[in-house]
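# Reading the structure
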Amino acid sequence: MSLSISILGAGSWGTALAVQAARNGCQTLLWSHNPSHVASIAKDKVNQRYLPDIKLPNTLSVTDSLEAVAQFSPIILISVPSHAFKDTLIKLKPFLNKDSKIAWATKGFNPDDGLLLNNIVENTLPNNKQIAVLSGPTFAQEVATGLPTAITVASAYPDFSEQLANILHNQRFRTYTSTDIIGVQVGGAVKNVLAIAAGIADGLGFGANTRAALITRGLQEIIRLGTHLGGQADTFMGLAGLGDLLLTCTDNQSRNRRFGLALGQGKAREDIVKEIGQEIEGVSAARETYLLATKHNIDMPITEQTYKVLYENLDPLIAVQNLLGRHQKAE
């Protein structure tokens, strides 16, 4: 029997994952909540809005029906923005059965309460035990183009993580498996906050030394929060931790880095959001990460200053000066 997968979210990342699976010979169904977007993709065999240069394989079809999603495959991979994640699960739930397996490539926390997304899945879909998360240093355009990429698939169910890995893995897309579902999620969420911080520093003209310091100290913030929440320290030195952090802090394909860069250059927040035109996950993640750090009394100074820039209108230059002015201590 040939493999199949349903992917929810026809943005750039969901589409790239759908293209990857379909190119591997997997029967793939891509879902969008927008009927006109679905009609456009079906007509052109291209996602003109998000990946206009990528022709979609014939093994990839599209739908706006969640019932069709559940019927098409027992494997469902969710790639919607974090703010839409819970609502998507709730709408999908009536069509699922106990054999449906749920994975997600969404990065971030639940905005209502700061919960990790595995908690949202477990609370919303208690009958669907087999869950997994995909994360790592990946830009959608490069995956869709076929440039070499590596990701992590984490699950407490090794058979499921292997199944997902096999759907996506080929000579240009390497998949590693993990059991650390918490650590993989924390790395994927918090790195977006630090990418905004790195962008701000570069926008202010502070150069490579500052960027390297922010990445290195930012990694320590991820480790402190992640291990406190139950993640494994080794995870944060791998693809879903350091790898993803380096990617988003140093390359302008990162929307979060570009957002911070523009803030550091003095551009208005509303104008930046309009110019980028896609979800900037680090903006909400900054609030959620800061509140988690405060709740658990975890020292995350870069996250704190980024939060204050975004939500308390702190001048970015003062935020960096606040970081540099902290008490001297041993590393």
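For the structure, see preceding data.
Residues numbered from 1 in each chain as written. Predicted model: local features only at pLDDT ≥ 70, side-chain atom pairs only at ≥ 80, totals over all residues. Heavy atoms only, no water.

The final tally for this structure, using the stated rule, is nine salt bridges. A salt bridge links lysine 191 to aspartate 244; its shortest N-O distance comes to 3.6 Å. With lysine 191 in helix H8 (residues 181-203) and aspartate 244 in helix H10 (residues 239-250), the pair connects residues that are 53 residues apart, well separated along the chain. Residue classification places aspartate 244 among the buried residues on the basis of a relative accessible area of 0%. Note that lysine 308 and glutamate 304 form a salt bridge whose closest N and O atoms lie 3.4 Å from each other. Highlighted residues: lysine 308 and glutamate 304, both in helix H14 (residues 301-311), separated by four residues, approximately one helical turn. When its relative accessible area of 23% is taken as the criterion, lysine 308 is described as partly exposed. (Salt bridge = Lys/Arg side-chain N within 4 Å of Asp/Glu carboxyl O. Helix = DSSP H or I, 4+ residues; strand = E, 2+ residues; numbered from the N terminus. Buried < 20%, exposed > 50% of the residue type's maximum accessible area, 1.4 Å probe, protein only.)

Bringing the packing of helix H4 (residues 82-92) against helix H5 (residues 117-124) into the picture now. At a minimum axis separation of 10 Å, H4 and H5 run at an interaxial angle of 20°. Taken together, the axis directions place H4 and H5 in an arrangement best described as roughly parallel. Here the hand of the crossing between H4 and H5 comes out right-handed. On the side of H4, the interface is formed by Phe85, Lys86, Leu89 and Ile90, while H5 contributes Leu117, Ile120, Val121 and Thr124. (Axes fitted to C-alpha atoms, helices over the stretch in contact; angles between N-to-C directions. Parallel < 35°, antiparallel > 145°, perpendicular 65-115°, else oblique. Left-handed = near helix turned anticlockwise from the far one by under 90°. Contact = heavy atoms within 4.5 Å.)

Tracing the backbone through its elements, the reader meets leucine 17 in helix H1 (residues 12-23). Placed 301 residues apart in sequence, leucine 17 and isoleucine 318 show a C-alpha to C-alpha distance of 40 Å.

Following the criterion strictly, the structure yields three aromatic pairs and no others. Both rings, one in tyrosine 307 and one in tyrosine 311, keep their centres 5.2 Å apart while their planes meet at 25°; by these two values the pair is stacked. Of this pair, tyrosine 307 and tyrosine 311 both sit in helix H14, four residues apart, roughly one helical turn. Judged by relative accessible area, which is 13%, tyrosine 307 ranks as buried. Through a chain of ring-to-ring contacts, the aromatic side chains of Tyr290, Tyr307 and Tyr311 assemble into a single cluster. The residue whose ring lies beneath arginine 269 is tyrosine 311, and the NZ or CZ to ring-centre distance is 5.6 Å. (Phe/Tyr/Trp six-rings, centres within 6.5 Å; stacked < 30°, edge-to-face > 60°. Lys NZ or Arg CZ within 6 Å of the ring centre and 35° of its normal.)

With that settled, the discussion passes to the pairing of strand S4 (residues 51-55). Here two bridges tie strand S3 (residues 46-47) to S4, and the two strands are oriented antiparallel to one another. By the bridge assignment, valine 46 is partnered in S4 with lysine 55. Where S3 folds back onto S4 in an antiparallel hairpin, the turn is made up of three residues. (Pairing = 2+ DSSP bridges.)

Running from amino to carboxyl end, H14 crosses helix H15 (residues 316-324) at an angle of 160°, the nearest separation of the two axes being 9 Å. Considering the angle they form, H14 stands roughly antiparallel to H15. The interaxial crossing formed by H14 with H15 has right-handed handedness. Between H14 and H15, the residues in contact are Pro301, Ile302, Gln305 and Val309 and Pro316, Ala319, Asn322 and Leu323, respectively. In the contact of H14 with H15, the residues fall into six nonpolar, two polar and no charged. (Nonpolar A, V, L, I, M, F, W, Y, C, P; charged D, E, K, R; others polar.)

Before going further, it helps to spend a moment on the side chain of serine 79. As for its position among the elements, serine 79 is in the loop between strand S6 (75-78) and H4. Owing to a relative accessible area of 11%, serine 79 belongs among the buried residues under this scheme. A polar side-chain atom of serine 79 sits 3.3 Å from the main-chain amide nitrogen of glycine 14. When near neighbours in sequence (up to four residues on either side) are disregarded, serine 79 contacts Leu8, Gly9, Trp13, Gly14, Ala105 and Thr106. (Polar contact = N/O pair within 3.5 Å; in protein donor to acceptor, adjacent residues only side chain to side chain.)

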